[in-house]
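# Structure at a glance
Chain residues, written in single-letter form:
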Amino acid sequence: MALIDMLAGAQGGAFFANVAAASGLGAGETKIVFTAIGPAIAGRLKVKAEADPESFEELLDLLEDGGHADLDDREAMTGAEAVADGNAILADIYGSRNAAIVDMRKLAGDIPEASLERLAAVAATAVLVALARSQAVVQPLAGAETAADTAGGLLGTIVSAIVTGAVQGATRQLAPRRRRSYSSYFGTRRRRTTRRRRRTRIPSLDDIFADILGTQRR
């Protein structure tokens, strides 16, 4: 499911209205801005991962862990943590938060600077959450048993839950009490030799981003 379609269906169809309320804009205007900047952020993340093996590993870590926020959780997607995470993500993939805002301005049109800054940050977090959700849904289509074996940990459990139609309940039960920030995955160079050895299947970036960017899988 493409990014904007996924977001439009979140929070009972009120995702854009809720983000708009937190940003001082109308729901329609917010959706228009997201439609412009969301795929751009996803594309930038993909380019960074293509050019930087460490960033690719960071992305795989995120997807293996299954994400730590829920698109249907209004506070998780619009609150202070979401903004802080989004700013950290933007700084990592654009080189600086200011560079990201300059680029977003070209796409977003004439909206107040404060609204743009908040929307850009929320959009960056939303892209990561949507990416994790899209991968949790895609895995069983390639074989539920294999996916559960190779994904491991929380994502493997969620994959199994999807197969039995209980993913929402499993996500709530398994979500950590203390939310790990998305910024902890990006821009922090850590040794990942254990995870690298454990991975038996490494998806291509085209596969990872195919759904949210609406591109064809190879």
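Note: the structure precedes this text.
Each chain has its residues counted from 1, running along the sequence as written. Local features in this predicted model are restricted to residues of pLDDT 70 or higher, and side-chain atom pairs are both shown and tallied only at a pLDDT of 80 or more, whereas totals for entire chains, interfaces and linings draw on every residue. Just so you know, side-chain values use all the structure's heavy atoms and leave hydrogens and water out.

### Section: the packing of helix 3 (residues 27-51) against helix 7 (residues 97-108)
The test is simple: Only the stretch in contact is used when a helix axis is fitted, and all axes are lines through C-alpha atoms; the angle between N-to-C directions ranges over 0 to 180 degrees. Here a strand is any run of E in DSSP of at least two residues, a helix any run of H or I of at least four, and the numbering for each starts at the N terminus. Oblique is the label for any angle not covered by the other classes, which are roughly parallel (under 35 degrees), roughly antiparallel (over 145) and roughly perpendicular (65 to 115). Crossing handedness: left-handed means the near helix sits turned counterclockwise from the far one by under a right angle, and right-handed means the same turn made clockwise. The contact rule is simple, with two residues in contact once any of their heavy atoms fall within 4.5 Å. Throughout, the ten residues Ala, Val, Leu, Ile, Met, Phe, Trp, Tyr, Cys and Pro are labelled nonpolar, Asp, Glu, Lys and Arg are labelled charged, and all others, Gly among them, are labelled polar.
Their axes nearest at 9 Å, the elements helix 3 and helix 7 cross at an angle of 140°. Classified by the angle between their axes, helix 3 and helix 7 sit oblique to one another. When you trace helix 3 past helix 7, the crossing you get is right-handed. Residues Val33, Ala36, Ile37, Ala40 and Ile41 of helix 3 form the contact with helix 7, whose own contacting residues are Met104, Leu107 and Ala108. Class assignment for the residues of the contact of helix 3 with helix 7 results in 8 nonpolar, no polar and no charged.

### Details of the nonpolar core
Quick note on the threshold: Only buried residues count toward a nonpolar core. Its members are Ala, Val, Leu, Ile, Met, Phe, Trp, Tyr and Cys residues joined through side-chain atoms within 4.5 Å. Categorising residues by exposure relies on relative accessible area from a 1.4 Å probe, with only protein chains included: less than 20% of the type maximum marks a residue as buried, more than 50% marks it as exposed, and the intermediate range marks it as partly exposed.
The biggest cluster of nonpolar side chains holds 51 residues, and the ones touching the most others in it are Phe15, Phe34, Ile41, Leu59, Ile208, Phe209 and Ile212. Put simply, the parts of the chain that give this core at least two residues each are helix 1 (3-9), helix 2 (15-23), helix 3, helix 4 (53-65), helix 6 (80-94), helix 7, helix 8 (113-138) and helix 13 (205-213). Broken down by element, this core gets its largest block of residues, 14 residues, from helix 8.

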